[in-house]
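Chain residues, written in single-letter form:
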Amino acid sequence: MPSLGRLHLITDTRPGRDPLAVLQAVLPVARAELVVQVRVEDATTDREAYDLTRRVVALCQPYDVTCLVNDRLHVALAAGAAGGHVGADDLPVAAARRVLGPAAVLGATAREPGSAVAATTAGASYLGVGPYRATTTKDGLPPAIGAAGVQAVAGAVGVPVIAIGAVTAEHVPALRAAGAYGVAVVGALSGATDPARAAAALIGALTC
Ligand SMILES: Cc1ncc(COP(=O)(O)OP(=O)(O)O)c(N)n1
Ligand SMILES: Cc1ncsc1CCOP(=O)(O)O
Ligand SMILES: [Mg+2]
């Protein structure tokens with residue numbers, strides 16, 4: 001399995017956003033420290049998700065950047081992505097591992113140590129842990145867990161912990177101190193005036 005990048009860019013496919021333009025700005029800056037997770041709206045068809053993932057895989061390939069697909073593991077397999085990410089409403093981690101196979105990258109969402117340990121035992125290769133802070137990007141999230149919550153999970157597992165939820169570069173030092181390996185972001189890159197500059201700040205904070 002390739003080593004995991006520390007900056008996870010989750011695509012923003014809300015109306016008015018341009019996920020491929022953001023990706024093209026970030027790729028030359030973040031290079032192999034980047035992981036791209038294709039995440040689409042629930043109303044997006046599988047065909048649209050597949051087409052987007054094919055384009056993301058093609059853009060990532062020259063940079064040796066890992067592409068994952070959120071939720072839709074059949075799309076990940078069909079489009080040649082390196083793996084997927086599942087949460088509580090998706091396939092169970094063990095089933096996802098059976099679908100993707102032993103070599104794939106498989107992320108699982110966790111917000112407390114018990115479910116985090118269970119997810120790693122079931123085959124997760126990294127954990128998405130959060131929400132770190134309250135965010136408007138996703139509805140219906142449970143309360144923020146803060147650095148203490150990230151630390152509780154990171155101390156319980158041996159796989160990389162990727163913190164998520166309104167993370168920007170200024171939060172990275174506290175998250176690294178809490179044991180996070182990396183961060184996953186939507187708004188910090190998609191909403192940035194200059195996504196390349198925002199990526200450089202995140203990478204600088206993650207790798208110093
Ligand atoms: C890195 C990372 N962490 C957490 C999530 C959230 O996954 P999930 O809980 O399944 O919610 P949706 O993203 O599917 O709405 C993630 N996607 N990536
Ligand atoms: C999908 C998801 N799961 C927990 S927080 C989140 C959204 C993260 O987006 P942002 O970085 O804009 O807060
Ligand atoms: Mg999900």
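The numbering scheme is per chain: residues are counted from 1 as the chain's sequence reads. The lettering of chains begins at A and the numbering of ligands begins at 1, in the order of writing. A pLDDT threshold of at least 70 governs which residues receive local features in this predicted model, and a stricter bar of 80 or more applies before side-chain atom pairs are shown or counted, although totals over entire chains, interfaces and linings include all residues. Only hydrogens and water are removed before side-chain values are computed, so all heavy atoms of the structure are retained for them.

A. Up close: the pattern of salt bridges. Between Lys or Arg on one side and Asp or Glu on the other, a salt bridge is scored when a side-chain nitrogen of the former is within 4 Å of a carboxyl oxygen of the latter. The full count for this structure, using the stated rule, is three salt bridges. Measuring nitrogen to oxygen at the nearest pair gives 2.8 Å for the salt bridge that ties aspartate 46 to arginine 72. Here arginine 72 lies in the loop between strand 3 (66–70) and helix 3 (73–79) and aspartate 46 lies in helix 2 (residues 46–60), a separation of 26 residues in the sequence. Residue classification places aspartate 46 among the partly exposed residues on the basis of a relative accessible area of 36%. Think of it in three bands: with a 1.4 Å probe and only protein chains considered, a residue is buried below 20% of the maximum accessible area for its type, exposed above 50%, and partly exposed in between. A residue is classified by how much of its surface remains accessible, and arginine 72, at 15% relative accessible area, is buried. What counts as a helix is a DSSP run of H or I of at least four residues, what counts as a strand is a run of E of at least two, and both are numbered from the N terminus.

B. Main features of the environment of alanine 188. Mapping alanine 188 onto the fold places it in helix 8 (residues 187–190). Classification of alanine 188 as buried rests on a relative accessible area of 18%. It is 23 Å that separates the C-alpha atoms of alanine 188 and leucine 106, two residues lying 82 residues apart in sequence. In what follows, a contact means two residues having at least one pair of non-hydrogen atoms within 4.5 Å. Excluding its chain neighbours within four sequence positions, the residues that come into contact with alanine 188 are Val167, Thr168, Ala198 and Leu202.

C. Spotlight on the site of ligand 2. Only a single heavy atom is needed: when it lies within 4 Å of a molecule or strand, its residue is near that molecule or strand. Around ligand 2 lies a shell formed by Arg39, Thr135, Thr137, Lys138, Leu141, Ile164, Gly165, Ala166, Val185, Val186 and Gly187. Polar contact is defined as a pair of N or O atoms within 3.5 Å, subject to the rule that within protein one atom must be able to donate a hydrogen and the other to accept it, and that residues adjacent in sequence are counted only when both atoms are side-chain atoms. Interatomic distance of 3.0 Å between a backbone N/O atom of valine 186 and an oxygen atom of ligand 2. Within the backbone of glycine 187, an N or O atom sits 2.8 Å from an oxygen atom of ligand 2. The Shrake-Rupley method, run with a 1.4 Å probe sphere, supplies the accessible areas, and residue values consider only the shown protein chains as cover. Compared with its free state, where it exposes 370 Å², ligand 2 has 90% of that area covered by protein.

D. The arrangement of the UniProt feature "binding site: 4-amino-2-methyl-5-(diphosphooxymethyl)pyrimidine" (unreviewed entry) in the protein chain in detail. Feature annotation in UniProt assigns "binding site: 4-amino-2-methyl-5-(diphosphooxymethyl)pyrimidine" (unreviewed entry) to the following positions: Gln37, Val38, Arg39, Val40, Glu41, Asn70, Thr109 and Lys138. Mapped onto the elements, valine 40 comes out in the loop between strand 2 (34–38) and helix 2. According to the relative accessible area criterion, valine 40 is buried, its value standing at 16%. Those residues in contact with valine 40, other than ones at most four positions away along the chain, are Thr13, Ala49, Leu52 and Arg72. UniProt positions are given in the numbering used here, feature names are shortened, and annotations may be inferred rather than shown by experiment.

E. A look at the coordination of the magnesium ion (ligand 3). Because water is not among the atoms used, a metal site may look incomplete, as its donors are only the N, O and S atoms within 2.8 Å, or 3.2 Å for Na, K and Ca. In this structure, Asp71 (OD) and Asp90 (OD) serve as the protein donors to the magnesium ion (ligand 3), at separations of 2.1 to 2.2 Å. Taken together, the residues aspartate 71 in the loop between strand 3 and helix 3 and aspartate 90 in the loop between strand 4 (83–86) and helix 4 (93–100) connect sequence positions 19 residues apart. Given a relative accessible area of 33%, aspartate 71 falls into the partly exposed group.

F. How the structure looks around the sheet that holds strand 1 (residues 7–10). Pairing in this closed barrel of eight strands is parallel, and the strands run 1-2-3-4-5-6-7-8 around the ring. Put simply, the sheet's adjacent strands are angled 25 degrees from each other on average, direction ignored. In this sheet, strand 2 lies alongside strand 1 in parallel orientation, the contact comprising four bridges. When the bridges of strand 2 are listed, leucine 9 appears paired with valine 36. Each axis is a line fitted through C-alpha atoms, and for a helix only the stretch in contact is used; angles between axes span 0 to 180 degrees, taken between their N-to-C directions. Contacts from helix 1 (residues 19–30) reach strand 1 and strand 2, with the element oriented near 160 degrees to strand 2. DSSP bridges decide pairing: two strands pair if at least two such bridges lie between them.

G. Helix 5 (residues 113–121), seen in detail. Looking at where helix 5 begins, the residue whose side-chain oxygen comes 2.8 Å from the main-chain nitrogen of glycine 114 is glutamate 112. Directly beyond the C-terminal end of helix 5, a positive phi value near 120 degrees is found at glycine 123.

H. Up close: the site of ligand 1. In the vicinity of ligand 1 there are 13 residues, among which Gln37, Arg39, Asn70, Asp71 and Lys138 approach most closely. Note that an oxygen atom of ligand 1 is positioned 2.7 Å from one of the side-chain N or O atoms of arginine 39. Here an oxygen atom of ligand 1 and a side-chain polar atom of asparagine 70 are 2.9 Å apart. Out of a free accessible area of 420 Å², ligand 1 has 86% covered by protein chains.

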